[in-house]
Amino acid sequence: MTINANGSALPVNGSTKVSHSDGIPIELVATPAPEKQTNVKTLPPSFYASFISAESRARKPNSIRGLFPLEKVPGVISLLAGKPNPETFPISSLQITVRAPPEDGTSSQVEKTLDISGSRMAAGLQYGSTTGYEPLVAWWEGLQTRTHGRTKGEGWQVSMGSGSQDFLYKSFHALVNPGDYVLVESPVYSGVLPILESLRAQIIPVDTDSSGIKSSSLKHILENWPALRPFPKFLYTVPYGGNPTGLTTSTERRREVLALAQKYNFLILEDDPYYFLYYGKALRPPSYFALEGELEEVGRVLRFDSLSKILSAGIRIGFASGPKPILDAMDLHTASANLQVSSLTQVITHTVLESYGYEGFVKHTEMVSEFYRQRRDIFEEAMHRQLGGLAEWSTPEAGMFFWFKLLLNNTSSQTIEEDSEELIQSKAFENGVLALPGTSFLPTGGKTAYVRASFSLVDPNDIEEALKRLREVVLKARGEA
Ligand SMILES: Cc1ncc(COP(=O)(O)O)c(C=O)c1O
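- Within an unreviewed UniProt entry, the label attached to the chain reads PLP-dependent transferase, and the organism entered is Sanghuangporus baumii.
- Checking UniProt for the chain, the heading Cofactor (unreviewed entry) contains the comment "pyridoxal 5'-phosphate".
- Entered under Sequence similarities (unreviewed entry) in the UniProt record, the comment concerning the chain runs "Belongs to the class-I pyridoxal-phosphate-dependent aminotransferase family."

Right under this line is the structure:
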C-alpha cells in the first residue's frame, strides 16, 4: 500500500520495521525533497510506516484534487475540474471592519475597513487546495518560524483544518488501529475521548499536577511496560492552559517528555489552542515543536494550532504543523471527507492577518491574553471569598478554566476520593449554577471531586453570585448549612 496525498506517482523509498501496529508490512511513498536543504536531520518517511493506521493506508487519493496543482503550470489550459464559474455567483465583494491592535504610541484599538474583491474574492468563492489557501498557509508557516524557531524545509509542513478538532479527529484516524496503545494526559480534553474510544484505542492515562504533565509518571509507565505489548504510538497533551486544568507544563517536564519520546519511540501530539492565551508571570516555556528543533533529529512532534480562541471560533480554522507523511495522511482524509476548509473564511482570515502583520498579530494576542488574565483574577478573588476552605485549586496561568477540587467532606481525613458529579449536575444546577463535573475529563472513568469552571464568558458581575450558589450546595453536602 502506498500513501501520497497529492496523487502523483512517486518511487517507493523502502519500509521500516513495524513496532506499534498490527504487523502488516507497510511502505510509504517517498516524499518530495524539502524546499531547502539544511543541516537539520529529519526522520525519514519510512520511519512513519509503523505509525500509520490500516484505515489511512487503505485511503485512495482523490483523483481530481490530486491534479489541481497542475492547473497552475504556465501555459496549461485546464479542462480538469468541475469548478463552477464565479461569474454566476451573486457575491462580488466584501467589506469587513476589524478592530486592529493599537498603533505605536497609542493604547486603544483602531477600527479599519478591509475590502475583499477581485482575484481574492474569486479565490474565496471557489474550491481551493486541500491543504489550505496558499497565502494563508504561507503566513502561518512564517508565524511558526517566528514563534517556534523552526525553519521551513526542516522536516515540517503546515496544513489547514476546520478547527483543531477536525485535525485531532483526522490525526487519530491516521495513526490508530483498533487495540493500539495511546498515552493521554489525565485529566484530558474531553473532546478527544469519543474519537479514541470509537477507534478502540487502549487509552493509558498519564498524571498531571500543578506543573502540567508528570514526566515521572510517564517514565514509570514506560519503564514498566509489559514485555510483549506494543509500545504506545503517541502522547496527546495540551501544554498551555490545559483543558480542563488551566495549567501549563514546565520547560523541564517538556524536555523530559521529549527525551522519553525518543527513547520509547512515540510521537507527541501537541494540541495547543491556548498557546496565545498564556499570561503566567514566569517566562513562557517553549513549545514541544520549538524544543524539538534543538534536538539532533526532528519529526516526532505534531503540533495543532487554532484560531478559535484568538480570532473567531466560528471561522473554524486550525493548523497542523509536523512531519509530511502524517500530514499527507490527514490531507488525504480531508480530500475524501470534506475537500477543504471553507475558502471564504480562509480568505477573510488571511485578509485580517495580513492587515495585522506579524507584530500586530502578536499585539492582538497579548491583548487577548491580558483580557483573560483580568477575568482570571476577578474569578480567583471571588473563589477565595466564596469557596475558601471549601475547595482547593492551582491558579491557572493560561486559558480560560479553573479546575478545583471540592472538599465535600468536612472531616480532616479526605482519604476516599469524593465525587462531585451528582452535586454539580443536579444540586448546583437546581441552585442556578452550571459547571462541568471533573468526571467528564477522566480518560478511563472513575470518581473525582474536581470541577471545571470557565471564566471566559461569564459577566464579571455574575461571578460572585455563581460561586455563592456553589458554596451553598457545598455547605449543604458537608452538613454545614
Ligand atoms: C484542548 C482543545 N483542543 C481542541 C479544541 C477544539 O478547538 P477548535 O475550535 O480549534 O476545533 C478545544 C476547544 O475548546 C480544546 O479546548
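**Some remarks on the pattern of salt bridges**
Side chains bearing opposite charge may pair, as long as their charged atoms lie close to each other.
Reasoning step 1: Across all of its chains, the model carries 25 salt bridges by this definition.
Reasoning step 2: Ionic pairing is found between Asp-166 and Lys-170, a salt bridge with its closest N-O pair at 3.0 Å. Note that Asp-166 and Lys-170 are positioned in helix α4 (residues 163-175) at a spacing of 4 residues, about one turn of the helix. Side by side, Asp-166 and Lys-170 carry an identical accessibility label, which is buried.
Reasoning step 3: When salt bridges with common partners are traced through the structure, they connect Glu-270, Asp-272, Arg-303 and Asp-305 into a single cluster.

**What to know about a nonpolar patch on the surface**
Reasoning step 1: On the surface, Ile-64, Leu-67, Leu-70, Val-73, Val-76 and Leu-80 cluster together into a nonpolar patch covering about 470 Å² of accessible area.
Reasoning step 2: Mapped onto the elements, Val-73 comes out in the loop between α1 (54-58) and β2 (94-100).
Reasoning step 3: Residue Val-73 is classed as partly exposed on the basis of its relative accessible area, which comes to 39%.

**Some thoughts on the sheet that holds strand β15 (residues 436-437)**
Backbone hydrogen bonds hold the strands of a sheet together, and the pairing may be parallel or antiparallel.
Reasoning step 1: On the basis of which strands lie adjacent, the open sheet formed by 4 strands has the order β13-β14-β16-β15 and antiparallel pairing. Two strands lie at the open edges of the sheet, namely β13 (391-393) and β15, each paired on one side alone.
Reasoning step 2: In the sheet, β13 pairs with strand β14 (residues 401-406) via 3 bridges, with the strands oriented antiparallel. By the bridge assignment, Ala-391 is partnered in β14 with Leu-406.
Reasoning step 3: Across the face of the sheet, helix α10 (residues 343-387) comes into contact with β13, β14 and β16 (450-454) while running at roughly 15 degrees to β14.

About the thresholds
- Residues numbered from 1 in each chain as written.
- Predicted model: local features only at pLDDT ≥ 70, side-chain atom pairs only at ≥ 80, totals over all residues.
- Heavy atoms only, no water.
- UniProt positions renumbered as here; feature names shortened; annotations may be inferred.
- Salt bridge = Lys/Arg side-chain N within 4 Å of Asp/Glu carboxyl O.
- Helix = DSSP H or I, 4+ residues; strand = E, 2+ residues; numbered from the N terminus.
- Buried < 20%, exposed > 50% of the residue type's maximum accessible area, 1.4 Å probe, protein only.
- Patch = residues over 30% accessible without salt bridge, like charges linked within 9 Å, V, L, I, M, F, W, Y side chains within 5 Å.
- Areas by Shrake-Rupley, 256 points an atom, 1.4 Å probe, with all protein chains shown as cover.
- Pairing = 2+ DSSP bridges.
- Contact = heavy atoms within 4.5 Å.
- Axes fitted to C-alpha atoms, helices over the stretch in contact; angles between N-to-C directions.

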